[in-house]
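# Fold and geometry: a report
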Amino acid sequence: MKIRLIILLFCFSPALNAQEDSDKGHAEHFVAGTLIGGVTSYFVFKKTNDKWKSWLIGAGTAVVVGLAKEAIDPAIGGTRSAEDFAYTALGGAFGASIV
């Protein structure tokens, strides 16, 4: 399972500036948030067997990662966007809800 996760991370690592992939980049932010929230929530639920706790940690992780990405966006050639952050957070909540 760890190998699959590492491969998945490497698949997405070349595209650090996802805003060039579509007009606004919202779909990419939603998908990234869904993956982060879902995977985190899955592993927390597997460890704790507490659905509410796994949802909070999964969604919270996506929010923190989205905020960090928007904070470093100017350094990697992008612009900060509250909409991108909102789509990442919404995707994280959705992904965490799937588990």
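Details of the structure are given in the entry above.
Residues numbered from 1 in each chain as written. Predicted model: local features only at pLDDT ≥ 70, side-chain atom pairs only at ≥ 80, totals over all residues. Heavy atoms only, no water.

## Notes on the environment of Phe43
- Relative to the helices and strands, Phe43 resides in helix H2 (residues 26–48).
- Accessibility expressed as a relative area gives 33% for Phe43, which makes it partly exposed.
- Sequence separation between Phe43 and Gly58 is 15 residues, and the spatial gap between their C-alpha atoms is 9.0 Å. (Helix = DSSP H or I, 4+ residues; strand = E, 2+ residues; numbered from the N terminus. Buried < 20%, exposed > 50% of the residue type's maximum accessible area, 1.4 Å probe, protein only.)

## Here we look at the environment of Gly37
- Mapped onto the elements, Gly37 comes out in helix H2.
- C-alpha of Gly37 to C-alpha of Thr61: the two residues are 24 residues apart in sequence and 6.5 Å apart in space.
- Setting aside chain neighbours within four positions, we find Gly37 in contact with Gly58, Ala62, Gly92, Gly95 and Ala96. (Contact = heavy atoms within 4.5 Å.)

## Some remarks on the side chain of Asp84
- Looking at where Asp84 falls in the secondary structure, it is placed in helix H4 (residues 82–98).
- The side chain of Asp84 is buried and forms no salt bridge, while Lys69, the nearest opposite charge, is found at 5.5 Å.
- In terms of polar contacts, Asp84 uses its side chain to reach the side chain of His29, at 3.5 Å. (Lys, Arg positive; Asp, Glu negative; His and termini not counted. Salt bridge = Lys/Arg side-chain N within 4 Å of Asp/Glu carboxyl O. Polar contact = N/O pair within 3.5 Å; in protein donor to acceptor, adjacent residues only side chain to side chain.)

## Details of the packing of H2 against helix H3 (residues 51–72)
- Between H2 and H3, the shortest axis-to-axis distance is 7 Å and the interhelical angle comes to 145 degrees. For the crossing formed where H2 meets H3, the hand is right-handed. On H3, the residues that touch His29, Gly33, Ile36, Gly37, Thr40, Ser41, Val44, Phe45 and Thr48 of H2 are Lys51, Lys53, Ser54, Trp55, Ile57, Gly58, Thr61, Ala62, Val65, Lys69 and Glu70.
- When its residues are assigned to classes, the contact of H2 with H3 shows 7 nonpolar, 9 polar and 4 charged. (Axes fitted to C-alpha atoms, helices over the stretch in contact; angles between N-to-C directions. Left-handed = near helix turned anticlockwise from the far one by under 90°. Nonpolar A, V, L, I, M, F, W, Y, C, P; charged D, E, K, R; others polar.)

## A short note on the packing of aromatic side chains
- As enumerated under the stated definition, the model contains 3 aromatic pairs in all.
- Relative to Phe94, the ring of Phe30 lies with its centre 5.8 Å away and its plane at 35 degrees, an arrangement referred to as tilted. Of this pair, Phe30 sits in helix H2 while Phe94 sits in helix H4, and the two are 64 residues apart along the sequence.
- Among the residues examined, Phe30 registers a relative accessible area of 26% and is labelled partly exposed.
- Ring centres of Trp52 and Trp55 lie 5.9 Å apart, and the angle between their planes is 10 degrees; on these two criteria the pair is classed as stacked. Note that Trp52 and Trp55 are positioned in helix H3 at a spacing of 3 residues, about one turn of the helix. (Phe/Tyr/Trp six-rings, centres within 6.5 Å; stacked < 30°, edge-to-face > 60°.)

## Regarding H2
- Its 23 residues place the ends of H2 32 Å apart at the C-alpha level, agreeing with the 33 Å of an ideal helix rising 1.5 Å per residue.
- The complete set of buried residues in H2 reads His26, His29, Gly33, Thr34, Gly37, Gly38, Ser41 and Val44.
- Buried residues along H2 sit against H3 and H4.
- Trailing H2 by a residue or two, Asn49 shows a phi angle of about 60 degrees, which is positive. (Expected span 1.5 Å × (residues − 1).)

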